[in-house]
Amino acid sequence: MNIDTFAVIGGDLRFAYLAGLLAADGYKVITSGFDSTDLPPCVTGCTNPAQAVSLADFVILPVPVSTDGTTINAPFSRIRISVDQVLNAVKPGQMLVGGAITEEVREEVEKRGFKILDYLHRDELAIFNAVPTAEGAIQLAMEELPITISGASCLITGYGRIGRILSRLLISLGAHVTVAARKYSDLAWAESMGCRPIELIHLADSGDFDVIFNTIPFPIFNHEVLSRLDKNTLQIDLASRPGGVDFNAAAELQIKTIWALSLPDNNT
């Protein structure tokens, strides 16, 4: 496929930066959804997302593409950009990609006879993107905790890409790290890295922690588990929707919980 023009529709500052990188490589780049932030001078801004899509060979949607199934994730747009508005402008032969694509969005794409690729399914991107996610999670903990990470008791639930990098960074900062996971192989790896391993089924009896980092994208911190936590525990949920915490129960029990969907990667 001969690619001359990219359209970058919506997204956060990473996508504004991406647009600049593509333009620096000699491509024509048209953006939409960035009218309340600055863009590199070599990038063309367009207030009409459908027009931007129609002029491109390759269309890049944000991560996540949509948080509600109907609106493109475009935090720097002064106007609402609907998923229909963008998809109705896609033409045969165009490449369409996005990140953390929901079934709702995928169905809308396929209903129109097109395909969409999820770039977060590429291992090399997911692995590299896990590093800033882990670093951002630690920064949140540093900002919210009344103590230092050094010496803090930390629990990581899940031992995928983010959990592995997060455990290594926390240990290097002097934290005491416990990892809860289902697979015995993950628990063995965690223990070999200097973490205390526990089976996920024993989560409710795992002890007290200063901070909990969850990377599992389905509810594991229900009312029963949350009720056994120390009231001063900080929870940082890094999982994609629906998240791993019963947020209503956490609020009822007055356990501070941050659902960090704005960090670079919300997949394990």
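Above this text sits the structure in question.
So, a few notes on the structure that sits alongside this text. (Residues numbered from 1 in each chain as written. Predicted model: local features only at pLDDT ≥ 70, side-chain atom pairs only at ≥ 80, totals over all residues. Heavy atoms only, no water.)

**A look at the overall build of the protein chain**
Note the following rule: Only runs of H or I of at least four residues qualify as helices and only runs of E of at least two qualify as strands under DSSP, and these elements are numbered from the N terminus. The globule rule used for comparison is 2.2 Å times the number of residues to the exponent 0.38, while the radius of gyration itself is calculated over C-alpha atoms. Only protein chains enter the accessibility calculation, which uses a 1.4 Å probe; a residue whose area is less than 20% of its type maximum is buried, one above 50% is exposed, and one in between is partly exposed. Positive charges come from Lys and Arg alone, negative charges from Asp and Glu alone, with His and the N- and C-terminal ends not counted. In this description, the location of a charge corresponds to atom NZ of lysine, CZ of arginine, CG of aspartate or CD of glutamate.
Scanning the protein chain from N- to C-terminus turns up 9 helices and 12 strands. In terms of C-alpha radius of gyration, the protein chain reaches 21 Å, essentially the compact-globule figure of 18 Å for 268 residues. A principal-axis box enclosing the C-alpha atoms of the protein chain has dimensions of 55 × 35 × 35 Å. Going through the 268 residues of the protein chain one by one, you find that 49% of them count as buried. Looking at the protein chain, you have 20 positive and 31 negative side-chain charges, and the mean spots of the two groups are 4 Å apart.

**Structural notes on the pairing of strand 1 (residues 5-9)**
Along any regular strand the residues' side chains alternate between the sheet's two faces. As a reminder of what qualifies: Between any two strands, pairing holds if DSSP finds at least two bridges. By convention, a crossover is right-handed whenever its connection, traced from the first strand over the helix to the second and viewed with the strands pointing away, goes clockwise.
In terms of burial, strand 1 is a largely internal element, 5 of the 5 residues being buried. Neither face of strand 1 is open: one carries T5, A7 and I9, the other F6 and V8, and all of them are buried. In this structure, strand 1 lies alongside strand 2 (residues 28-32), joined through 5 bridges in parallel fashion. Within strand 2, the position partnered with V8 by the bridge is T31. You can see the chain leave strand 1, run along helix 1 (residues 13-24) and come back into strand 2, and the turn it takes is right-handed.

**Let's talk about the nonpolar core**
Here is the rule we go by: By nonpolar core is meant a set of buried Ala, Val, Leu, Ile, Met, Phe, Trp, Tyr and Cys residues that side-chain atoms within 4.5 Å join together. Whether two residues touch is decided by their heavy atoms; if any such pair falls within 4.5 Å, the residues are in contact.
Of all hydrophobic cores here, the largest spans 31 residues; its most connected members are L166, L170, V211, F213 and I236. Here this core takes 6 residues from helix 5 (residues 123-144), the largest share from any one element. With residues near it in sequence (within four places) discarded, L170 still touches I138, I149, C154, I156, A175, V177 and F213. Counting 24 residues, the second largest nonpolar core, distinct from the first, contains A52, A56, L61 and A89.

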